[in-house]
Amino acid sequence: MRTDLLGLTADSLAALTNRGLVKRAGKEPAPELRTDPDGTVHGSFSDGLTAILPPGGLDLARCTCGATGVCRHVIGVILAYQRLPVEAAPESLPWSPGQVTDDELTAKIGARLMAAARRTERTGFTARVRRATSADPVPQVELATATVRFLVPGDLGFVHTDTVAGSRDDVIALAVWAFRVADELHPGVPEVRVDVGGEAEAGTGSGLERALGLAGTILREGAAHLGQGLDATIADVQRHLDAARLRWPLLAVGDLAEQLTSYRDRSAHYRPELLASHVAELHARHRAVTRPDATLRSSVLGTAEAAETPLRRARLESLGCRIRGLGDQRIAEVYLAHSDSSMVLVLRRQWDGDDDGAALARRRIATSTLAALATGNLVTESAVRSASRTVRLATGRISKTTVSPSRGDWGELPPSLVVTDFAALSRELDALTLRPIRPRVEAELVRVVAVTRVEAVTYAPGDQRLDAVIVDQAGSTATVRATHTGAAPGRLDSLAAVLAGEEGELRFVSGVVGRTAGGVVIEPVGLAAGGRVVVPDLQPAGGSGRLMIAEDDRHEPLTAALIDTRGLLAEVAHRGLSHLPPTYDARLATAAQRLTVLGLHRIAQAVTAFAAMRTHDSDEAIEQAWIDAYLRLDVALDLN
């Protein structure tokens, strides 16, 4: 009995091939079947074609029709075999991919890819393990570069990954090893995040020494006193980080360099707080992997990340789009849910000029428009995913991408992307690793939020901000918050119209979730209402709806004190430690006193320590004191 063929569901077959092929195979006349003693299944069709399925997976199947890859005849043989009467198999114990042996892995992926997987294991990597459940009987592992699904218990011939076949089959070994760790440390837990390997790297330093030297130069001199002479140093640091596969620090240095360039160009994109945060982040990642209780290197430094990973045939469902304006440039970010990997990817495009969102909606990206991509479903064989989960459509294969309109049926997305319980979302946000050492993943906190009803919509004229209180099925509330921008002048008007029910029943809001003053806040990028997807940033300006004016909601004292003190410390990255004005120490003392009165004693002590060291210690000690104070402030604001 071919238990592997009997264990394949329609969804599993669709994952291994595509859903259209499975549907076509189901409509074909059933073939005559014959099974060899070794388990090989032969299917003979009425038109004379023959398909053969040896044990070991669909890759070994052959058909006389001459099709490249798996054809409808092969699928037809599987479906016909599943309809044969078979003896009921004895009930077996729950199976775990961790039971697969290394010898079986080597036989599947080969010695070369096993060696590559061992190198990744020595470095260490983080994985999210999901065991099989009654709702989803397929165990899977979400890695940084791919999602691996074990479709048939005990058979590596039916493993599905979302990468191009053969390009990253080492992820199968990584997934098996992740399950082994989960089985040992967290037996029976349905979903768990585990750290695998990494022991060989403990205590060997971070590899960020050159990047920290660059950060020290910026703190000493400040963006205001650095010229283009630093560009060569930045390029050298980036080359070193890239060669060492330190993906997250590499991205941080890239953002740091962008801030310095923005300052030189007098761009509106420059913000001292951003520059200071990138400097502090490099130190935070260095500390996290060099202290005695070091965090796993791969999750902090991104050492297990491939720069790019080509995806096999992928179905991407758009969740909306955000338009940003940076001076005379416009940036569009389309958020695409990839169900196979349970993650959201970002397709980014940039144009020169001052067109607003409605005009940008007509801009073409590949063979489609921005509006169609932002409100549609993509099926593509040309997608390439970066380490930070941006996605690009590879040139030369663009004809293999199709776009169709979406009805906004987002409730069918993986549960990890859909929020139905605001209280559970709040707990999820509380459990996140601190932002300065989290993986630098785009759209990490983009979710689809189910809406039971809209309770109130208000407008704050001073901030040009719209707030809407939404309610979940349990009666908990969250706030949908959007702020006006000239790059998307129709954002607030269209959002207000959808919230008021003018576009039909509102079912979902997609956006970036976060916490503010203890409550859940969603910055919307798309809405599902009336059987379609509405993207506020791509709508034209205009609207006659009247909104209730909100009361003045200035920052409450604690948040205001944190923001003001962070801005004060960010002056160091802007002006430089060597160029601070004489009044700076007095301002630090005032800020520390304000924090103390509010009960933020440890942050106040860190600010005071930085002020005390400025005239009595070495440059390195002063820099470390600044890092201590800034990181405490940055983290406190994230958690507030």
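Coordinates for the structure precede this section.
Quick caveat, the model's predicted, so the values are computed rather than measured.

Turning next to the sheet that holds strand β7 (residues 147-150). Pairing in this open sheet of 5 strands is antiparallel, and the strands run β8-β7-β6-β5-β9 from one edge to the other. Pairing within the sheet leaves two strands with one partner each, and these edge strands are β8 (159-161) and β9 (191-196). Between one strand axis and the next, the sheet turns by 20 degrees as a mean value, whatever way the strands run. As defined by bridge partners, strand β6 (residues 140-142) adjoins β7 across 3 bridges and the pair is classed as antiparallel. Bridging across to β7, Q140 finds its partner in R149. Here helix α7 (residues 170-185) sits on the sheet and contacts β5 (125-130), β6, β7, β8 and β9; the angle it forms with β9, its principal contact strand, is near 110 degrees.

Note on placement: T565 falls in helix α17 (residues 557-575). Ignoring anything within four residues of it in the chain, the contact list for T565 reads A591, L595, V607 and L633.

Right, let's get into the nonpolar core. It is characteristic of soluble globular proteins that their nonpolar side chains tend to be buried jointly. Judged by nonpolar contacts, the single largest core of 64 residues is most densely connected at I218, L260, L569, F610 and W626. Looking at which element gives the most residues to this core, the answer is helix α20 (residues 619-639), with 10 residues. Residues contacting W626, with those up to four places away along its chain left out, are L219, A276, V279, A280, L569, V572 and F610. One finds L336, L347, L370 and A374 within the second-largest nonpolar core, a separate group that totals 43 residues.

Attention now moves to the sheet that holds strand β18 (residues 391-393). Read from one edge to the other, the open sheet built from 3 strands follows the order β10-β17-β18, with strand pairing classed as antiparallel. One side of each edge strand has no neighbouring strand; the edge strands of this open sheet are β10 (308-310) and β18. Neighbouring strand axes in the sheet, compared pairwise and without regard to direction, differ in orientation by 25 degrees on average. Taken together, the 3 bridges between strand β17 (residues 383-386) and β18 define a ladder with antiparallel strand orientation. Following the sheet pairing, R385 is matched in β18 by V391.

The next point concerns the environment of L577. With respect to the secondary-structure elements, L577 resides in the loop between α17 and α18 (584-597). If sequence neighbours within four positions are ignored, L577 has contacts with L219, R220, V572, F610, R614, I622 and E623.

The pairing of strand β21 (residues 446-450) with strand β25 (residues 506-516) spans 5 bridges and is classified as antiparallel. If you follow V449 over to β25, its bridge partner there is V509. Here β25 runs beside strand β26 (residues 519-529); their pairing, made up of 10 bridges, is antiparallel. Paired with L506 across the strands is A529, a residue of β26. Linking β25 back to β26 in an antiparallel pair, the connection comprises 2 residues, with A517 at a positive phi of about 50 degrees.

What follows is about the packing of aromatic side chains. Going through the model one piece at a time under the given rule, you end up with 5 aromatic pairs. Note on W95 and F150: the rings are 6.3 Å apart at their centroids and 70 degrees apart in plane angle, and the pair reads as edge-to-face. Of this pair, W95 sits in the loop between α4 (72-82) and α5 (102-109) while F150 sits in strand β7; the two residues are 55 residues apart in sequence, bridging distant segments of the chain. Look at W95 and you get partly exposed, because its relative accessible area is 24%. Centre to centre, the rings of F150 and F179 are 6.3 Å apart; their planes meet at 85 degrees, and the pair counts as edge-to-face. One end of the pair, F150, is in strand β7; the other, F179, is in helix α7, with 29 residues separating them in the sequence.

We now examine the side chain of R614. Mapped onto the fold, R614 is located in the loop between α19 (601-613) and α20. Side-chain polar atoms of R614 contact the side chain of D585, separated by 2.8 Å. Those residues in contact with R614 that sit more than four places away from it in its chain are L577, L580, Y584, D585 and I622.

Take the environment of H278 next. Residue placement: H278 occurs in helix α11 (residues 272-290). Once the C-alpha coordinates of H278 and L251 are considered, the two residues, 27 residues apart in sequence, prove to be 9.6 Å apart. Once you skip the residues sitting within four places of it in the chain, H278 turns out to touch A252, D255, L256, Q259 and R440.

Before going further, it helps to spend a moment on the pairing of β26. Of all 11 residues in β26, 9 are buried, a share of seventy percent or more. Inspection of the sheet shows strand β24 (residues 477-483) paired to β26 by 2 bridges, in the parallel sense. When the sheet's bridge partners are listed, V480 is paired in β26 with I522. As defined by bridge partners, β26 adjoins strand β27 (residues 532-534) across 3 bridges and the pair is classed as antiparallel. Across the sheet, the residue bridging to A529 is R532, located in β27. In sequence, β26 turns back onto β27 through a hairpin of 2 residues, with G530 there showing a positive phi of about 60 degrees.

Another aspect to go through is unusual backbone geometry. In the Ramachandran plot, R245 falls in the positive-phi region, its phi being about 60 degrees despite a non-glycine side chain. For R245, the position within the fold is in the loop between α9 (231-243) and α10 (247-264). Classification of R245 as partly exposed rests on a relative accessible area of 36%. One non-glycine residue, A443, adopts positive backbone phi at about 55 degrees. Taking relative accessible area as the criterion, A443 reaches 17% and is therefore assigned buried.

For the rest of this paragraph, the subject is the pattern of salt bridges. Under the definition given, this model contains 43 salt bridges. The partner of R315 in a salt bridge is E317, with the nearest N and O atoms 3.8 Å apart. Given a relative accessible area of 47%, R315 falls into the partly exposed group. Each of the salt bridges in this network shares a partner with another, and the network as a whole consists of R128, R130, E142, E191 and R389.

Right, let's talk about the packing of α5 against α7 for a bit. At a minimum axis distance of 9 Å, the contact between α5 and α7 shows a crossing angle of 160 degrees. With respect to α7, the axis of α5 lies roughly antiparallel. Where α5 crosses over α7, the two elements pack in a sense that is right-handed. Of α7, the residues touching α5 (which contributes D102, L105, K108 and I109) are D170, I172, A173, V176, W177 and R180. Taken together, the residues of the contact of α5 with α7 sort by class into 6 nonpolar, no polar and 4 charged.

Cut-offs and rules
- Residues numbered from 1 in each chain as written.
- Predicted model: local features only at pLDDT ≥ 70, side-chain atom pairs only at ≥ 80, totals over all residues.
- Heavy atoms only, no water.
- Pairing = 2+ DSSP bridges.
- Helix = DSSP H or I, 4+ residues; strand = E, 2+ residues; numbered from the N terminus.
- Axes fitted to C-alpha atoms, helices over the stretch in contact; angles between N-to-C directions.
- Contact = heavy atoms within 4.5 Å.
- Core = buried A, V, L, I, M, F, W, Y, C linked by side-chain atoms within 4.5 Å.
- Buried < 20%, exposed > 50% of the residue type's maximum accessible area, 1.4 Å probe, protein only.
- Phe/Tyr/Trp six-rings, centres within 6.5 Å; stacked < 30°, edge-to-face > 60°.
- Polar contact = N/O pair within 3.5 Å; in protein donor to acceptor, adjacent residues only side chain to side chain.
- Salt bridge = Lys/Arg side-chain N within 4 Å of Asp/Glu carboxyl O.
- Parallel < 35°, antiparallel > 145°, perpendicular 65-115°, else oblique.
- Left-handed = near helix turned anticlockwise from the far one by under 90°.
- Nonpolar A, V, L, I, M, F, W, Y, C, P; charged D, E, K, R; others polar.

Such coordinate-based values are descriptive only and should not be taken to indicate function.
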